[in-house]
Amino acid sequence: MECEIYDMPLFRGGDRMVLEAVLQRSPGRYASYRKGDFIALQDDVCRTLFLLCEGSVYAQMTSAEGRELTLDTLSAPDTLASAFVFGTENRYPVSIIAQADCRLWVLSRESLREILEQDRTVLRNFLTIISDHSLFLSRRINEFALQSLSSRVVSYLKDNHAIRNLQEVAFILGVARPSLSRMIGQMVDQGTLCKTPDGYILKQAVH
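Read on for an overview of the structure. (Residues numbered from 1 in each chain as written. Predicted model: local features only at pLDDT ≥ 70, side-chain atom pairs only at ≥ 80, totals over all residues. Heavy atoms only, no water.)

The next thing to look at is the pairing of strand E10 (residues 199-202). Bridge count between strand E9 (residues 193-196) and E10: 4 bridges; the pairing is antiparallel. Bridge pairing in E10 links Leu193 to Leu202. Taken together, E9 and the strand that follows it, E10, pair antiparallel across an intervening segment of 2 residues. (Pairing = 2+ DSSP bridges. Helix = DSSP H or I, 4+ residues; strand = E, 2+ residues; numbered from the N terminus.)

As structure tokens, this is what we get:
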């Protein structure tokens with residue numbers, strides 16, 4: 001295999017004989033994408049599981065009015081679309097876009113189901129992946145629906161330590177760059193943030 005599938009989080013600790021037997025009957029395929037390419041489109045039917053072998057991607061939701069919101073960024077090795085592949089209405093609620101050049105291994109829903117039915121370790125891994133991704137997304141929804149912009153800035157800094165590129169962070173937070181710039185200026189004036197050679201950071205992080 002081009003990348004060590006057995007070391008992917010989904011198959012870690014699983015039975016190689018089970019995986020090899022399934023793939024002999026229905027092998028997956030590799031796909032390569034360049035930065036900016038769409039891997040999956042919002043509202044498309046989800047019939048496969050993507051295993052991110054190299055690179056990184058981001059999940060973006062677009063409203064009917066054209067407003068774009070980045071919900072998550074994922075780096076290899078990771079599993080994409082795990083929560084959608086077996087859904088009653090199995091459509092992507094987001095678009096998946098290559099953040100950098102990346103390679104993925106694409107596994108059919110039927111092959112995945114067969115592996116899960118035969119290997120309890122892979123089943124536990126799959127449930128853990130779904131749970132972790134769902135928890136992350138629920139926190140993101142909380143940030144956007146319930147928190148003010150200043151609270152979202154603080155949450156971002158707690159996870160990422162510094163704001164170095166205003167345009168990039170505005171994109172991630174789903175706001176216009178001027179709005180983010182004004183908020184950061186207010187937070188600097190209030191003493192919540194300070195500007196350093198590494199970017200804007202929480203003032204308490206200086207000590």
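That shown, we press on.
This brings us to the packing of helix H4 (residues 149-160) against helix H6 (residues 177-189). As a packed pair, H4 and H6 sit with axes 10 Å apart at the nearest point and diverge in direction by 80 degrees. Judged by the inter-axis angle, H4 sits roughly perpendicular to H6. Contact residues: Leu149, Ser150, Val153 and Val154 in H4; Ser179, Leu180, Met183 and Met187 in H6. Of the residues belonging to the contact of H4 with H6, the class tally is 6 nonpolar, 2 polar and no charged. (Axes fitted to C-alpha atoms, helices over the stretch in contact; angles between N-to-C directions. Parallel < 35°, antiparallel > 145°, perpendicular 65-115°, else oblique. Contact = heavy atoms within 4.5 Å. Nonpolar A, V, L, I, M, F, W, Y, C, P; charged D, E, K, R; others polar.)

Using the criterion set out here, one finds 1 cavity of 30 Å³ or more in the structure. As for the largest cavity, its lining consists of Tyr6, Phe11, Gly14, Asp15, Arg16, Val18, Leu19, Ile115, Asp119 and Val122. With 3 residues, the single largest contributor to the lining of the largest cavity is helix H1 (residues 16-25). For the lining of the largest cavity, the class distribution of residues is 6 nonpolar, 1 polar and 3 charged. (1 Å grid on protein atoms, 1.4 Å probe; cavity = no way out; pocket = protein on both sides within 12 Å on 5 of 7 lines; lining within 4 Å. Points joined across faces, edges and corners; volume = space filled by probe spheres on them.)

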